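# Overview (structure and organization)
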2 protein chains.
Amino acid sequence: MFKKVVIFGVGLIGGSFALALRHAGQAAHIVGVGRSAESLARARELGIIDSVATDAAAAVDGADLIMLAAPVAQTEAILAAIAAHLAPGAIVTDAGSTKSDVVAAARRALGDKIAQFVPGHPIAGREKHGPEAALADLYAGKKVVITALPENGAGDVERVAAAWQACGAIIHRLSPQEHDAVFASVSHLPHVLAFALVDDIAGKPHAATLFQYAASGFRDFTRIAGSSPEMWRDISLANRDALLTEVDAYLAQLGAMRQMIAAGDGAALEKIYASAQHARLQWAAAIEAVERKET
Amino acid sequence: MFKKVVIFGVGLIGGSFALALRHAGQAAHIVGVGRSAESLARARELGIIDSVATDAAAAVDGADLIMLAAPVAQTEAILAAIAAHLAPGAIVTDAGSTKSDVVAAARRALGDKIAQFVPGHPIAGREKHGPEAALADLYAGKKVVITALPENGAGDVERVAAAWQACGAIIHRLSPQEHDAVFASVSHLPHVLAFALVDDIAGKPHAATLFQYAASGFRDFTRIAGSSPEMWRDISLANRDALLTEVDAYLAQLGAMRQMIAAGDGAALEKIYASAQHARLQWAAAIEAVERKET
């Protein structure tokens, strides 16, 4: 049980964490901090937080768990504001989609208190945002990746893991670099590709005709292009190196396929399509088997 | 009412057309033709067709509507087999995903009977295949693009349109070239991109780890990579010119975005992401408004 939990950013991610912790009886008092007074008021109305803090020093006074769920670009400023007020034993964690940059920002902002920062990334989301979108069961059965630092005490890492487990999450562990390479490949690159396609089509003179004939395959493929431009700008830059590696591999792959199409090399194309179909069907079957086990 | 309808290919597309026509009371007798005796027997058991023909000449004898719903690569062979047996007044149509190549094949195979071929493309599908997947309402509310030829009589085009309308479909008209350019952009390119991503990931040494962390965004983005490799090989080559135009535009777009990421140009990236998000949300809202009106 945490005596005082502070949530920076009371939207979908932070709000759901607060609801789930409270639901599990793991938080005696939850304080919300954020840039939008309106969101904070709404979060209080919805029972996500018990009180609102406007001052970082007051917010973290007596806190034993601090969750950063604000946009990743704010991480360093938030940590710099609370660093001097962090009591020994208080643990700071985060929910950012990128980790190497967050760790670098934390090292700069926290200095010799870096051991108190245990970075994390919950693999969960919905298309809605803000306190209204928060759900007590958003993390149930979902993965949370903890990218512990060499400086972290084992007990502190365990307390963060236990908090997420109380929310129903399944804990995975990667280094920050491993994390960023994995998500550049399976999340960040697909977002870039979907944004690229929709912007490409939207920029054509006959875009209205094109969109008229887009059907269910297009709908699924481009769903992630409905995501927040600001958030994905920040992720694209925060994970720049790993993302560029993936973009370059993809450009090479697509360039090779372009040559196969131009050369009319049906056998080579079919080999790639068949490999992709096989991998996709295997992956989907594995995911569905896990989901069946959980329900 | 058609006296005798012949369906080449009694799977999802041809079988659903047969079921819908029968359901609408528009077909007195439906004959199935295909390469798989097993599929034909199953289609007969399921009440999709009334009889099976193994000989093209016998199949089209007395037929007033002939639907080609076999893989597009078989179009020319089927048309060549039936050309000599086509009675005046009989109409041939198809359900192929590409049109310029189908029209070229039809011109070669049918010669001076080309006026009897009215090309079409129903924009409908499901992930399942074969006669078992056929549904009487697959085409309800869905678009069918008719790409009429200059040689077609207005009455014949009207009869094909009426058959699809009896299936519940909404008729659109494009030239074969317009059709192929549109679908290269909103369907064929996204399939190539999804196949490329999944094959790219599947080929990496740590593919198993990567797939383990793929979540719902990846699931939607790659759903179309579960499609038939043979069918998409054929489509990629059949619509080669239009597809290459789209692949090249996309490579240029992604190359430009790569430079923005490398240069840390967040403003330029955000502009593209915001344009894509805006277009995607507008498109989804328009589609949902149409769907609400229909239900």
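Under an unreviewed UniProt entry, the name given to chain A is Prephenate dehydrogenase/arogenate dehydrogenase family protein, and the source organism is Herbaspirillum robiniae.

### Examining the packing of helix H4 (residues 75-82) of chain B against helix H5 (residues 100-110) of chain B
Residue and element names in this part refer to chain B. H5 packs onto H4 with a crossing angle of 25° between their chain directions and a minimal axis gap of 8 Å. Judged on the interaxial angle alone, H5 and H4 are roughly parallel. As H4 runs across H5, the sense of the crossing is right-handed. Residues Thr-75, Glu-76, Leu-79 and Ala-80 of H4 lie in contact with H5, whose contacting residues are Val-102, Ala-105, Ala-106, Arg-108, Ala-109 and Leu-110.

### Notes on the environment of Ala-57 of chain A
Within the element layout of this structure, Ala-57 of chain A appears in helix H3 (residues 56-60). For the pair Ala-57 of chain A and His-85 of chain A, spaced 28 residues apart in the sequence, the C-alpha separation amounts to 5.6 Å.

### Describing the sheet that holds strand E5 (residues 91-94) of chain B
All names here are of chain B. Here we have 6 strands laid out as an open sheet, ordered E3-E2-E1-E4-E5-E6, and parallel in their pairing. Both outer strands of the open sheet, strand E3 (51-52) and strand E6 (117-118), are each paired with one neighbouring strand and no more. Contacting strand E1 (2-8), strand E4 (65-68) and E5, H4 crosses the sheet at an angle of about 155° to E4.

### Comments concerning the interface of chain A and chain B
Facing 82 residues of chain A, the contacting portion of chain B comprises 82 residues. Regarding the contact of chain A and chain B, the summed buried area is about 7,800 Å², with carbon and sulfur atoms giving 68% of it. Salt-bridge contacts for Arg-258 of chain B lead to Asp-248 of chain A; the nearest nitrogen and oxygen are separated by 2.6 Å. Summed over the shared surface of chain A and chain B, the result is 36 residue pairs in polar contact (both at pLDDT 80 or more). Put simply, the parts of the chain that give the side of chain A that touches chain B at least two residues each are strand E8 (143-146), helix H7 (176-202), helix H8 (207-212), helix H9 (216-222), helix H10 (229-238), helix H11 (240-263) and helix H12 (266-294) of chain A. Considered class by class, the residues forming the side of chain A that touches chain B number 49 nonpolar, 16 polar and 17 charged.

### A look at helix H11 (residues 240-263) of chain B
Residues and elements named next belong to chain B. With 24 residues, H11 ought to run about 34 Å at 1.5 Å a step, and its terminal C-alpha atoms sit 34 Å apart, in line with that. All of the buried residues in H11 are Ala-242, Leu-243, Leu-244, Glu-246, Val-247, Tyr-250, Leu-251, Gln-253, Leu-254, Met-257, Met-260 and Ile-261. Where H11 ends, the next residue or the one after it, Gly-264, has phi of about 70°, a positive value.

### Observations concerning the relation of the copies chain A and chain B
In screw terms, the move from chain A to chain B is a rotation of 180° and a rise of 0.0 Å along the axis, fitting with an RMSD of 0.0 Å. What the rotation and shift describe, once combined, is the action of a two-fold rotation axis. Scanning chain A for the C-alpha nearest the rotation axis identifies Phe-221 of chain A, at a separation of 2.0 Å. Of all interface residues in chain A, 100% are interface residues in chain B too; the two copies therefore contact each other through one and the same surface.

### A short note on empty space enclosed by the protein
One way to see where empty space is left: roll a probe the size of a water molecule over the atoms. Residues and elements named next belong to chain A. Taken as a whole, this structure holds 1 cavity of 30 Å³ or more when the rule is applied. Put simply, the largest cavity is a space of about 30 Å³. Taken together, Leu-68, Ala-70, Pro-71, Val-72, Thr-75, Asp-94, Gly-96 and Val-102 form the lining of the largest cavity. Tallied by class, residues from the lining of the largest cavity come to 5 nonpolar, 2 polar and 1 charged.

### Topic: the domain arrangement of chain A
All names here are of chain A. Each assigned domain of chain A is listed with its residue range as follows: domain 1 (2-174) and domain 2 (178-264). Centre-to-centre separation of domain 1 and domain 2, based on C-alpha positions: 30 Å. On the domain 2 side, the residues contacting the 12 residues of domain 1 number 11 residues. Both faces combined, the contact of domain 1 with domain 2 buries some 1,000 Å², and carbon together with sulfur accounts for 66% of it. When the buried surface of domain 1 facing domain 2 is broken down by residue, Ser-97, Thr-98 and Leu-174 rank first, second and third, together holding 44% of it. Counting every contact that joins domain 1 to domain 2 gives 0 salt bridges. Looking at the side of domain 1 that touches domain 2 residue by residue, the class counts come to 4 nonpolar, 5 polar and 3 charged.

Thresholds applied
- Residues numbered from 1 in each chain as written.
- Chains lettered and ligands numbered in written order.
- Predicted model: local features only at pLDDT ≥ 70, side-chain atom pairs only at ≥ 80, totals over all residues.
- Heavy atoms only, no water.
- Axes fitted to C-alpha atoms, helices over the stretch in contact; angles between N-to-C directions.
- Helix = DSSP H or I, 4+ residues; strand = E, 2+ residues; numbered from the N terminus.
- Parallel < 35°, antiparallel > 145°, perpendicular 65-115°, else oblique.
- Left-handed = near helix turned anticlockwise from the far one by under 90°.
- Contact = heavy atoms within 4.5 Å.
- Pairing = 2+ DSSP bridges.
- Buried area = accessible area lost by both parts, 1.4 Å probe.
- Salt bridge = Lys/Arg side-chain N within 4 Å of Asp/Glu carboxyl O.
- Polar contact = N/O pair within 3.5 Å; in protein donor to acceptor, adjacent residues only side chain to side chain.
- Nonpolar A, V, L, I, M, F, W, Y, C, P; charged D, E, K, R; others polar.
- Expected span 1.5 Å × (residues − 1).
- Buried < 20%, exposed > 50% of the residue type's maximum accessible area, 1.4 Å probe, protein only.
- Least-squares fit on C-alpha atoms with pLDDT ≥ 70 in both.
- 1 Å grid on protein atoms, 1.4 Å probe; cavity = no way out; pocket = protein on both sides within 12 Å on 5 of 7 lines; lining within 4 Å.
- Points joined across faces, edges and corners; volume = space filled by probe spheres on them.
- Domains from an automatic or database assignment.

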